[in-house]
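# Remarks on the overall topology
So you can see what is in the structure, the chains are spelled out below.
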Amino acid sequence: QVQLVESGGGLVQPGGSLRLSCAASGSGFSIAAMGWYRQAPGKQRELVAGMTSGGSTNYADSVKGRFTVSRDNAKNTVYLQMNSLKAEDTAVYYCNAVLYTAWADDSQNYWGQGTQVTVSS
């Protein structure tokens, strides 16, 4: 059994910063990639930032230069540092992990429970 546990959301003023964390717990898995998606009311879920096990990163154009994804391999944890936040960054942010597991031949997708980020004055 694998769980993704997120933390770090909240309310912040425009121009402020937040840091999200997501830890993968359990056993019998290795991480292929981890990242963050978000979903605003009335919109589809979209990729925000991702990082492969090899360290390659990709970002949505809307967050480039403001958000940074990083990881701590020893803790199976991925972080999202969000700076210069804007009202349009308001959304529920979901952690995503692509894992190789002992119980499946192919990689599997796991999701966190979501954490609310609200940017408002």
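Everything numeric here is computed off the predicted structure, so don't read it as measured data.

### Things to note about the pairing of strand E3 (residues 18-26)
The pairing of strand E1 (residues 2-7) with E3 spans six bridges and is classified as antiparallel. By the bridge assignment, Val5 is partnered in E3 with Ala23. By the bridge criterion, six bridges tie E3 to strand E8 (residues 77-82) in an arrangement that is antiparallel. The partner of Arg19 across the bridge, within E8, is Gln81.

### Quick word on the pattern of salt bridges
Summed over the entire model, instances satisfying the criterion amount to four salt bridges. The partner of Arg38 in a salt bridge is Asp89, with the nearest N and O atoms 3.0 Å apart. On the criterion of sequence distance, the pair formed by Arg38 in strand E4 (residues 29-39) and Asp89 in the loop between E8 and strand E9 (91-101) is long-range, its members being 51 residues apart. Look at Arg38 and you get buried, because its relative accessible area is 6%. Ionic pairing is found between Arg66 and Asp89, a salt bridge with its closest N-O pair at 2.8 Å. One end of the pair, Arg66, is in the loop between strand E6 (57-59) and strand E7 (67-72); the other, Asp89, is in the loop between E8 and E9, and 23 residues separate them in sequence. Arg66 sits in the buried class, given a relative accessible area of 10%. The exposure class assigned to Asp89 is buried, which follows from its relative accessible area of 1%. Each member of the salt-bridge network shares a partner with another, and the members are Arg38, Glu46, Arg66 and Asp89.

### A short note on the state of the cysteines
Considering all chains together, one arrives at one disulfide under this definition. Linked covalently through their sulfurs, Cys22 and Cys95 form a disulfide whose S-S length is 2.0 Å. The chirality of the disulfide connecting Cys22 with Cys95 is left-handed, given an S-S dihedral of about -80°. Here Cys95 lies in strand E9 and Cys22 lies in strand E3, a separation of 73 residues in the sequence.

### Some details on unusual backbone geometry
Backbone geometry places Asn76, a non-glycine residue, at a positive phi of 50°. When you line up the elements, Asn76 lands in the loop between E7 and E8. Residues other than glycine seldom take positive phi values, yet Ser84 does so here, at roughly 50°.

### Considerations on the packing of aromatic side chains
The full count for this structure, using the stated rule, is one aromatic pair. Judged by centre distance (5.0 Å) and plane angle (70°), the rings of Tyr37 and Trp111 are edge-to-face. Remark: Trp111 occurs in strand E10 (residues 108-111) and Tyr37 occurs in strand E4; sequence separation between them is 74 residues. The ring of Trp111 has Arg45 sitting right over it, with the charged end atom 4.7 Å from the ring centre.

### Some thoughts on the side chain of Arg66
There is a polar contact of 2.9 Å between the side chain of Arg66 and the backbone oxygen of Ser84. A distance of 2.8 Å separates polar atoms of two side chains, one belonging to Arg66 and the other to Asp89. The contacts of Arg66, once residues within four sequence positions are left out, are Gln81, Met82, Asn83, Ser84, Leu85, Lys86 and Asp89.

Analysis parameters
- Throughout this document, residue positions are counted from 1 along each chain, in the order its sequence is written.
- Per-residue local features of the predicted model are confined to residues with pLDDT of at least 70, and side-chain atom pairs are confined, for both listing and counting, to 80 or more; whole-chain, interface and lining totals are unaffected and use all residues.
- To obtain the side-chain values, all non-hydrogen atoms of the structure were included, while hydrogens and water were left out.
- The pairing criterion is simple: DSSP has to find at least two bridges between the two strands.
- Only DSSP runs of H or I covering at least 4 residues are called helices, and only runs of E covering at least 2 are called strands; the numbering of each starts at the N terminus.
- Here, a salt bridge means any side-chain nitrogen of Lys or Arg that lies within 4 Å of a carboxyl oxygen of Asp or Glu.
- Using a 1.4 Å probe on the protein chains alone, a residue whose accessible area is under 20% of its type maximum counts as buried, one over 50% counts as exposed, and one in between counts as partly exposed.
- Any cysteine sulfur atom paired with another within 2.5 Å is treated as part of a disulfide.
- The rule is short: rings of Phe, Tyr and Trp, with Trp giving its six-membered ring, pair when the centres are within 6.5 Å, and they are stacked under 30 degrees, edge-to-face over 60, tilted in between.
- Consider the ring centre and the ring normal. A charge sits over the ring if Lys NZ or Arg CZ is within 6 Å of that centre and within 35 degrees of that normal.
- Pairs of N or O atoms are called polar contacts if they sit within 3.5 Å, as long as, within protein, a hydrogen donor faces a hydrogen acceptor (for residues adjacent in sequence, only side-chain-to-side-chain pairs).
- We call two residues in contact whenever any of their non-hydrogen atoms come within 4.5 Å of each other.

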